[in-house]
Amino acid sequence: MAQSTAAPTPTPTTQTLAPLPLRAVAPWAVFVGVLMLVLLYFVGAEQGATALVSGEGVHEWVHDARHLLGFPCH
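Residues numbered from 1 in each chain as written. Predicted model: local features only at pLDDT ≥ 70, side-chain atom pairs only at ≥ 80, totals over all residues. Heavy atoms only, no water.

Let us now look at the overall build of the protein chain. Scanning the protein chain for helices and strands turns up three helices and zero strands. Along the protein chain, from the amino end to the carboxyl end, the secondary structure elements read α-α-α. Going through the 74 residues of the protein chain one by one, you find that 9% of them count as buried. Long-range contacts, defined here as pairs at least 24 residues apart, represent 22% of the contacts in the protein chain between residues at least 6 apart. Surface accessibility of the protein chain: about 6,900 Å² in total, with carbon and sulfur atoms responsible for 70%. (Helix = DSSP H or I, 4+ residues; strand = E, 2+ residues; numbered from the N terminus. Buried < 20%, exposed > 50% of the residue type's maximum accessible area, 1.4 Å probe, protein only. Contact = heavy atoms within 4.5 Å. Areas by Shrake-Rupley, 256 points an atom, 1.4 Å probe, with all protein chains shown as cover.)

Overall, the coordinates contain one aromatic pair when judged by the stated rule. Aromatic pair Trp 28 and Phe 31: ring centres 6.3 Å apart, planes at 90 degrees, arrangement edge-to-face. Pair noted here: Trp 28 and Phe 31 are both in helix α1 (residues 22-44), with a separation of three residues, about one helical turn. (Phe/Tyr/Trp six-rings, centres within 6.5 Å; stacked < 30°, edge-to-face > 60°.)

The next thing to look at is the environment of Leu 40. Relative to the assigned elements, Leu 40 resides in helix α1. Considered as a pair, Leu 40 and Arg 66 are 26 residues apart in the sequence and their alpha carbons are 9.8 Å apart. Here Leu 40 is in contact with Ala 45 and Phe 71, once residues within four sequence places are set aside.

So, in structure tokens, the structure goes:
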């Protein structure tokens with residue numbers, strides 16, 4: 001009967017991640033920040049005197065999100 005042995009598996013070496021430069025991250029951080037502020041405006045304040053869009057269309061689209069986030073709407 002022949003005996004077989006498994007080949008030793010190489011141990012993984014630890015790799016260090018290179019730090020990201022701030023210049024690469026800053027434009028994306030600004031973009032995401034502005035996008036979140038626009039989203040917060042439409043969910044929280046788009047109705048009544050501060051409305052940028054006339055009518056109740058935006059209000060109806062974000063109605064449930066208002067209640068979920070605790071904004072009063074009616």
